[in-house]
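Fold and geometry: a report
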Amino acid sequence: MLPTSPTGSERKDDAAGDALARCVGDPDRFVGQFWARAPLYRPAADAAAFADLFSLGDVDRILSSTTPRYPAFRMVKDGKQLNPRSYTRSGRVGGQPVDDLADPGGVYELFHGGATIVLQSLHRFWPPLARLARDLELALTHPVQVNAYITPPASRGLGVHHDEHDVFVLQVYGRKQWDVHDPDGKPEDRLVVAELAPGDCLYIPQRFPHVAWTAATASVHLTVGVVPTTWGDVLRRAVMSVLEDVLSGEPLPAGFAADPAVLTTGVAEQLGEVRRRLDKLDPGAIAVAAADRFWSSRPPLLAGQLQQLLALEEIGEDTLVRRRPGAVCRLRQREDRLEVLLGDRTLRLPARLAPVMRVIVASDRLTVRDLAGHLDPSSRLVLVRRLVREGLLESVAPPLS
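A brief report on the enclosed structure follows.

Parameters at a glance
Residues numbered from 1 in each chain as written. Predicted model: local features only at pLDDT ≥ 70, side-chain atom pairs only at ≥ 80, totals over all residues. Heavy atoms only, no water. Helix = DSSP H or I, 4+ residues; strand = E, 2+ residues; numbered from the N terminus. Buried < 20%, exposed > 50% of the residue type's maximum accessible area, 1.4 Å probe, protein only. Contact = heavy atoms within 4.5 Å. Polar contact = N/O pair within 3.5 Å; in protein donor to acceptor, adjacent residues only side chain to side chain. Salt bridge = Lys/Arg side-chain N within 4 Å of Asp/Glu carboxyl O. Disulfide = S-S within 2.5 Å. Pairing = 2+ DSSP bridges. Axes fitted to C-alpha atoms, helices over the stretch in contact; angles between N-to-C directions.

Points about the environment of E394
Here E394 shows up in strand β19 (residues 393-395). With relative accessibility at 7%, the residue E394 sits in the buried group. Along the backbone, E394 and R365 are 29 residues apart, and their C-alpha atoms lie at a distance of 9.4 Å. If near-sequence neighbours (up to four positions away) are discounted, E394 is found in contact with A303, Q308, L320, V321, R322, R324, P325 and V388. Among the polar contacts listed, one links the side chain of E394 to the side chain of R322, at a separation of 2.7 Å.

A look at the pattern of salt bridges
Here the structure, examined in full by the defined rule, presents 26 salt bridges. When the shortest N-O distance is used, the salt bridge between E137 and R298 registers 3.0 Å. Linking E137 in helix α5 (residues 127-140) with R298 in the loop between α8 (283-295) and α9 (305-310), this pair joins segments that are 161 residues apart in sequence. Of the two residues examined, E137 and R298, each falls in the buried class. R207 is the salt-bridge partner of E164, the closest N and O atoms lying 3.2 Å from each other.

Observations concerning the state of the cysteines
All chains considered together, the criterion is met by zero disulfides. Free cysteine C23: the closest other cysteine sulfur is in C201, separated by 4.9 Å. Residue classification places C23 among the buried residues on the basis of a relative accessible area of 1%.

Points about the sheet that holds strand β10 (residues 190-196)
As summarised here, the arrangement of the three strands in space is β10-β9-β12, forming an open sheet in which the pairing is antiparallel. Whereas interior strands pair on both sides, the edge strands pair on one side only; in this sheet they are β10 and β12 (210-213). The average undirected angle you get between the axes of adjacent strands in this sheet is 10 degrees. Inspection of the sheet shows strand β9 (residues 176-181) paired to β10 by six bridges, in the antiparallel sense. If you follow V180 over to β10, its bridge partner there is V192.

Function-wise, these values are silent; they only describe arrangement.
Structure representation (structure tokens):
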């Protein structure tokens, strides 16, 4: 079953499950049968399934109007990285000289000659992809990143390769042929042979070799990378914490390398102490710490926040507020304090605010007056304005536009 991924203390964000379903169809089937195990090709039910996320026109706007800088974009051809000097130029930004600005003419010329354009980390600045990435993060509870690959007809960008993370390939324009190979089989063993058309999705787990190329048409696809937190990551942290605790900075005996046998007793003692400490580790505490590292590294998506801040004092009793899309919020009781994890920060509030905070995180939208059963008028205004300022809530219709 798909693990629930509440963005509040007990609230599940439906958009998170919807984002995963948009890619793979049945999320529970995907998690149970394919996640980290096997590739999945899903033909489109609708050719426009991903049209709202990115387009060929968006590529043009980014390259010709926003002047991206290397390495936010790069170019590859036939499995090789092209020299950035062949498609960048010098200029000035804020009065400072730079030499990594996109040269649109050079980029287009190389594209016409068969090179693939790679736009990297689009989730950092392209709102539809920022929201898709966040929703997938909340569904899978693993970090997500998004790149776009724009390949001309009859061309290949990268050769056969594998990634150290899982990917969802979302075809948004044109067609592209994909082969996915068995990582434990012969090079000719192909698990997926498919030509992706607009709206199609291909899931490839990490370390599965794959290759893609175009034939008659150009192609634009999104590679949504899921960077996994592994068992090794979690246990390595736990073991390192023990080692740092146990092992002293005392040097080994002088001359140890000439007679390693003299170390045997000391090594045995150190290993024994490490084992004793490892046996005392609390698996529950390790699991909570791993979860906290995820929840504390998902900053809010702050589209429109400037308007929200300028309208802060206009918030009144009848102002309708909602959870900001993609916002993370986890509540934790710590004796006389309530910790509110907000993705990239932790608010520490009086424990008496726990009931009202549970109402807020469990609600899609509410008015300030809806909190009357928990706080007096002045206190609920202060709390709601604070949560707007922190990026958890937003006014549905702020007075300023």
